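In case you want the letters, here they are:
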Amino acid sequence: MPASKPETLDQLDLQLLRLIEQRRQLVETLADDQSLPSVGQSNTHLAQALDGFCRESTQTREKKSVESLRQTLRHIDSYCRLGVGPGAVSFLGPKYSYSHLAAIKYFGDATPFAPVATIPAVFDAVHRGDAASGLVPIENSTDGRVVDTLGMFARRHMQICGEVLLPIHHNLLASGKRDQITEIHSKPQALSQCRVWLAANFPAAALIEVGSTTTAAESAAQHAHIAAVASLPAGREYGLDVLNQNIEDNRENVTRFAVLGRDETHPTGKDKTSLLFQVEHQPGALAGAMSIFSQSQLNLTWIESFPLPGSRNEYLFFVEFSGHRGEDRVATAIDQLSSITRRLEILGSYPVAVL
């Protein structure tokens, strides 16, 4: 016989709680058996389950509704993993920074987070084992590469086991009125991404660079003449009014974050691989390396040059391309590349993130 329908919200809530508890117990069992999927793999499974649910549903769902469901599933998964993994996650803090929001998007907000003050400190925390995973910004669609992150990859080998794409919507927040604002605080990148809007709307205000958007929000809460460029969650935390929303100059402003850790990811069919390499400082060396990707029919999705630390006129190259290191054509290309490079590091293969 089909199960009877719950008659009240209380009954339905009780069923949901029982199912979540069953899921938590299963996660503990899988962890004991050392067969618990990594967070990245779990996110892939959650996405597949959500896609299946949406296909089965006769109701048309807006993108915001689907994203809310996705975040709910991630939160439930992070709750179920408490005590069994992934352990602390280090990110460029403080709380309510965009790095914090990206960490919540990937790991779920029940995850134990450990904010630190700098990008190198994130690498250090993962390297020492103080954190099981880390999250660092690697590229912004407006400002380009994040130099501090690439510099740390150049100095210390660290595995990338996932990525996060976070739309960056800056907001002008304040405790005072618009006509009281004489200073606008935020981190340099946020001010840069809003420079045209700020010049047009607050030409007389002094732009003050601070360590984070959260620090800016805290200052705005204490002084009526200070406005902050920060996230809406930061504004809610500090009780600020929203003077203007979405003031970023580029409406497609997105920051990509790399997830650092030790998890090995299995091919999903929609993966990318990240490498860094150094070639001989001679004519044609870089062209020879690039030809390998073409011959192997690997689509390059990102390439950056970075000055080699401690040298003059020599560079490291960071590349990303479609495919997983477990695939034959990728493995073959990496073998060929290793034979003509002075330095080659596979930073990781992981599922391609979606907005």
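Residues numbered from 1 in each chain as written. Predicted model: local features only at pLDDT ≥ 70, side-chain atom pairs only at ≥ 80, totals over all residues. Heavy atoms only, no water.

K.L.:
Just to check I follow, could you spell out the side chain of Gln278 for this structure?
P.N.:
With respect to the helices and strands, the residue Gln278 is situated in strand β12 (residues 271-278). What makes Gln278 buried here is its relative accessible area of 7%. A polar contact of 3.1 Å, which involves the side chain of Gln278, links it to the side chain of Glu314. Here Gln278 is in contact with Leu308, Glu314, Tyr315, Leu316, Thr341, Arg342 and Arg343, once residues within four sequence places are set aside. (Helix = DSSP H or I, 4+ residues; strand = E, 2+ residues; numbered from the N terminus. Buried < 20%, exposed > 50% of the residue type's maximum accessible area, 1.4 Å probe, protein only. Polar contact = N/O pair within 3.5 Å; in protein donor to acceptor, adjacent residues only side chain to side chain. Contact = heavy atoms within 4.5 Å.)

K.L.:
Can you walk me through the packing of aromatic side chains in this structure?
P.N.:
How two aromatic rings sit relative to each other is set out by the distance from centre to centre and by the angle between their planes. Overall, the coordinates contain 7 aromatic pairs when judged by the stated rule. Aromatic pair Trp197 and Phe202: ring centres 6.1 Å apart, planes at 40°, arrangement tilted. One exposure class covers both Trp197 and Phe202, and it is buried. Across from the ring centre of Trp302, 4.9 Å away, lies the NZ or CZ of Arg256, which sits over that ring. (Phe/Tyr/Trp six-rings, centres within 6.5 Å; stacked < 30°, edge-to-face > 60°. Lys NZ or Arg CZ within 6 Å of the ring centre and 35° of its normal.)

K.L.:
Got a minute to help me understand the sheet that holds strand β9 (residues 226-230) in this structure?
P.N.:
A sheet is described by the order of its strands in space; here 5 strands give the open sequence β8-β7-β9-β6-β10, paired in mixed fashion. Of all strands in the sheet, those bounded by a partner on one side alone are β8 (206-209) and β10 (241-244). Looking at each pair of strands side by side, their axes are set apart by 35° on average, direction ignored. Summarising the sheet, strand β6 (residues 171-174) and β10 pair through 3 bridges and their orientation is antiparallel. (Pairing = 2+ DSSP bridges. Axes fitted to C-alpha atoms, helices over the stretch in contact; angles between N-to-C directions.)

K.L.:
Quick question: what am I supposed to make of the layout of surface pockets here?
P.N.:
Empty space among the atoms becomes visible once a probe the size of a water molecule is rolled across them. In this model, the largest pocket occupies a volume close to 920 Å³. Taken together, 27 residues form the lining of the largest pocket, with Glu67, Gln71, Leu166, Pro167 and His169 sitting closest to its centre. Going through the elements one at a time, α3 (63-80), α4 (98-107), β5 (160-167) and α10 (232-237) are the ones with two or more residues in the lining of the largest pocket. Taken as a whole, the second largest pocket encloses approximately 640 Å³ of empty space. Listing elements by their share of the lining of the second largest pocket, those giving two or more residues are α2 (39-56), α3, α4 and β5. The greatest single-element share of the lining of the second largest pocket, amounting to 8 residues, is contributed by α2. (1 Å grid on protein atoms, 1.4 Å probe; cavity = no way out; pocket = protein on both sides within 12 Å on 5 of 7 lines; lining within 4 Å. Points joined across faces, edges and corners; volume = space filled by probe spheres on them.)

K.L.:
I tried to follow the pattern of salt bridges on my own but got confused; where do I start?
P.N.:
For the coordinates displayed, the defined rule picks out 18 salt bridges. A salt bridge links Asp77 to Arg81, with the shortest nitrogen-to-oxygen separation between them at 2.9 Å. We note that Asp77, like Arg81, is buried. By sharing partners, the salt bridges in this structure join Glu139, Glu163, Arg256, Lys272 and Glu320 into a single network. (Salt bridge = Lys/Arg side-chain N within 4 Å of Asp/Glu carboxyl O.)

K.L.:
Just checking my understanding: could you explain the nonpolar core for this structure?
P.N.:
Grouped burial of nonpolar side chains is what soluble globular proteins tend to show. Of all hydrophobic cores here, the largest spans 25 residues; its most connected members are Phe123, Val136, Phe153, Ile160, Leu260 and Phe318. For this core, the secondary-structure elements that each account for two or more residues are α5 (119-128), β3 (133-140), α6 (147-155), β11 (254-260), β13 (300-307), β14 (315-322) and β15 (343-351). Here this core takes 5 residues from α5, the largest share from any one element. Excluding anything up to four places from it in sequence, Ile160 contacts Phe153, Ala258, Val259, Leu260, Ser274, Leu347, Gly348, Ser349 and Tyr350. The next biggest cluster of nonpolar side chains, apart from the first, holds 16 residues, and it includes Val279, Phe321, Ile334 and Leu337. (Core = buried A, V, L, I, M, F, W, Y, C linked by side-chain atoms within 4.5 Å.)

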